Amino acid sequence: MPRLEVADIFRAHGPTWRHTERGHLSLAQLKVMSAIEQCRSSALGGHALRCSSCAQPQIAYNSCRNRHCPKCQGGAAQRWLQARSADLLPVEYYHVVFTLPAPISAIAYTNKELIYGLLFDIAAQTLRTIAADPKHLGARIGATLVLHTWGSALTHHPHVHGIVPGGGLALDADRWVPCKPGFFLPVRVLSRLFRRRFIEELQNAHRDGQLQFFGEHVDLTDADAFADWLAPLRQCEWVVYAKRPFAGPEAVLAYLSRYTHRVAISNSRLVALDERGVTFRWKDYRVHGTARYKTMSLSTDEFMRRFLLHVLPSSFHRIRHYGLFANARRKTHIALARELLHQPAPVLVVDSSHHSTASRCDRPTFLCRHCGAPMLIVQTLPRALRIRGPPCSPSSP
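Residues numbered from 1 in each chain as written. Predicted model: local features only at pLDDT ≥ 70, side-chain atom pairs only at ≥ 80, totals over all residues. Heavy atoms only, no water.

1. A closer look at the overall build of the chain
Scanning the chain from terminus to terminus reveals 11 helices and 14 strands. If you line up the chain on its principal axes, its C-alpha atoms span 70 × 70 × 65 Å. Put simply, the chain has 397 residues, and 45% of those count as buried. Within the chain, counting contacts between residues at least 6 apart in sequence, those at least 24 apart form 71% of the total. Approximately 22,200 Å² of the chain is accessible, and the part contributed by carbon and sulfur atoms is 54%. Each charge class in the chain can be summarised by its mean position, and for the 50 positive and 29 negative side chains these summaries are 7 Å apart. (Helix = DSSP H or I, 4+ residues; strand = E, 2+ residues; numbered from the N terminus. Buried < 20%, exposed > 50% of the residue type's maximum accessible area, 1.4 Å probe, protein only. Contact = heavy atoms within 4.5 Å. Areas by Shrake-Rupley, 256 points an atom, 1.4 Å probe, with all protein chains shown as cover. Lys, Arg positive; Asp, Glu negative; His and termini not counted. Charge placed at Lys NZ, Arg CZ, Asp CG, Glu CD.)

What follows is the structure, encoded as structure tokens:
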């Protein structure tokens, strides 16, 4: 029996739900639904193949490559990891998480680009500020931050995962300053600065009219009401935590391969689609041990609503690099760090021979699922024609 996929749910129940929710779904959400429904189907075209050894036929349909599609992230993650593996340093790496309180998460849904952007920038600013303080580390550090907007039950839970090396360049850049073994930066200090800076920027955004409020939050457009709403957030704890260091660079890559290109829910977590709705596996972090692994059933409408909560604004980058890892001078900073750590630069194997280049180009794209031999493309299947509206008639003179 074929494994259940998010695409199956969208194909079976999406059309009716889109009609019911007409006017309440954004264009970005509609595009995501359409892409997932069409992914690896005849709608996107593909190739008819035949095995060069056993002559078995096969059809390979094209992928949608949408970043929210559960089936299209594996290849993207591997390409990204290969590009980043050369940047790893021979030091401990730490995993730091910055989470927004529930009240701010509630208004983030209608202010995604602004609040998610603040979450990135202020988390990075907090890490760099505390690390540069001589009382803590006294160094310039680098960080890679990855945005996740979901909890295990598909609820809206914006947070960033940070991967940070355990040390940095001295402020005068003449030596490498390591962290204490097994300790990065004090999380309570990080939490306090993160809370203060985020609230300051949220106030500035409200003053400049950049925040939008709807439904139960519409009263927050008033400055006094917004100030009253912010007051409890100044006192509550903002969750920032650092996990123990990774067990070497290889473990960092293994971690990143699971987190960088993750989507709200993978197909492997889906259990059933039946009269009760959609049943899927989830993890209850409030429970310890094996009892934390549970199943949940949601109506198909609620499942689709929760999945689409996590559609990001167009062109919004969910993986960002800061400090030493910022794209502008990353190569220079990493080369200097390696020099100070007395680590030779990675050896890049360059194949100058024509034979080596040709062998790479001739590497088969498709392999036979039966015998592993290269598949030959015998026919290219075109995309299905899209139904479009008629062109506007030219205006009469």
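Still to come is the rest of the account.
2. Things to note about the sheet that holds strand 8 (residues 176-178)
A sheet is described by the order of its strands in space; here 3 strands give the open sequence 4-7-8, paired in antiparallel fashion. Every other strand in the sheet has two partners, leaving strand 4 (139-140) and strand 8 as the edge strands with one partner each. Pairing of strand 4 with strand 7 (residues 167-170) involves 2 bridges; the strand directions are antiparallel. In the sheet register, Arg140 faces strand 7, and the bridge partner there is Leu169. Along the sheet face, helix 10 (residues 330-340) touches strand 4, strand 7 and strand 8 and points at about 95 degrees away from the line of strand 7. (Pairing = 2+ DSSP bridges. Axes fitted to C-alpha atoms, helices over the stretch in contact; angles between N-to-C directions.)

3. Describing a negative patch on the surface
Together, Asp219, Asp222, Asp224 and Asp228 make up a negatively charged patch on the protein surface. Among the secondary structure elements, Asp222 is positioned in the loop between helix 6 (187-207) and helix 7 (223-230). (Patch = residues over 30% accessible without salt bridge, like charges linked within 9 Å, V, L, I, M, F, W, Y side chains within 5 Å. Salt bridge = Lys/Arg side-chain N within 4 Å of Asp/Glu carboxyl O.)

4. Topic: the packing of helix 5 (residues 112-132) against helix 6
Two elements in contact, helix 5 and helix 6, have axes whose closest approach is 9 Å; the angle formed by their N-to-C orientations is 140 degrees. Compared by their axis directions, helix 5 and helix 6 come out oblique. You can see that helix 5 and helix 6 cross each other, and the crossing is right-handed. Between helix 5, through Leu114, Ile115, Leu118, Leu119, Ile122, Ala123, Gln125, Thr126, Leu127, Thr129 and Ile130, and helix 6, the contact on the second element is made entirely by Val189, Leu190, Leu193, Phe194, Arg197, Phe198, Glu201, Leu202 and Ala205. Across the contact of helix 5 with helix 6, the residue classes break down as 15 nonpolar, 3 polar and 2 charged. (Parallel < 35°, antiparallel > 145°, perpendicular 65-115°, else oblique. Left-handed = near helix turned anticlockwise from the far one by under 90°. Nonpolar A, V, L, I, M, F, W, Y, C, P; charged D, E, K, R; others polar.)

5. Here's the deal with helix 7
Every buried residue of helix 7 is listed here: Phe226, Trp229 and Leu230. Down the axis of helix 7, the buried set is contained in an arc of 95 degrees. They therefore lie on one face. Exposed residues on helix 7 whose side chains face more than 90 degrees from its buried face are Asp224 and Asp228. Those residues of helix 7 that are buried lie in contact with helix 4 (102-108) and helix 6. N-cap assignment for helix 7: the residue whose side-chain oxygen lies 3.1 Å from the backbone N of Asp224 is Asp222. (Arc of directions from axis to C-beta. Polar contact = N/O pair within 3.5 Å; in protein donor to acceptor, adjacent residues only side chain to side chain.)

6. Looking at the pairing of strand 13 (residues 319-323)
In terms of residue burial, strand 13 counts as a mostly covered element, since 5 of its 5 residues are buried. Sheet topology places strand 5 (residues 142-150) next to strand 13; 5 bridges connect them, and they run antiparallel. Paired with Thr144 across the bridge in strand 13 is His321.

7. Regarding empty space enclosed by the protein
Counted under the stated rule, the structure contains 2 cavities of 30 Å³ or more. Of the voids in this model, the largest cavity is the one considered here, and its volume is about 160 Å³. Around the largest cavity, the lining comprises 13 residues; the ones closest to its centre are Arg84, Asp87, Leu88, Thr144 and Phe325. The set of elements that each furnish at least two residues to the lining of the largest cavity consists of helix 3 (73-85) and helix 8 (249-259). A total of 3 residues in the lining of the largest cavity trace back to one element, the largest contributor, which is helix 8. Grouping the constituent residues of the lining of the largest cavity by class yields 8 nonpolar, 2 polar and 3 charged. Each pocket or cavity is described by its volume, and for the second largest cavity that value is around 110 Å³. The wall of the second largest cavity is formed by 14 residues, among which His68, Trp150, Val263, Ala264 and His310 lie closest to the centre. If you tally residues by element for the lining of the second largest cavity, the top one is strand 5, at 4 residues. Within the lining of the second largest cavity, the residues separate by chemical class into 7 nonpolar, 4 polar and 3 charged. (1 Å grid on protein atoms, 1.4 Å probe; cavity = no way out; pocket = protein on both sides within 12 Å on 5 of 7 lines; lining within 4 Å. Points joined across faces, edges and corners; volume = space filled by probe spheres on them.)

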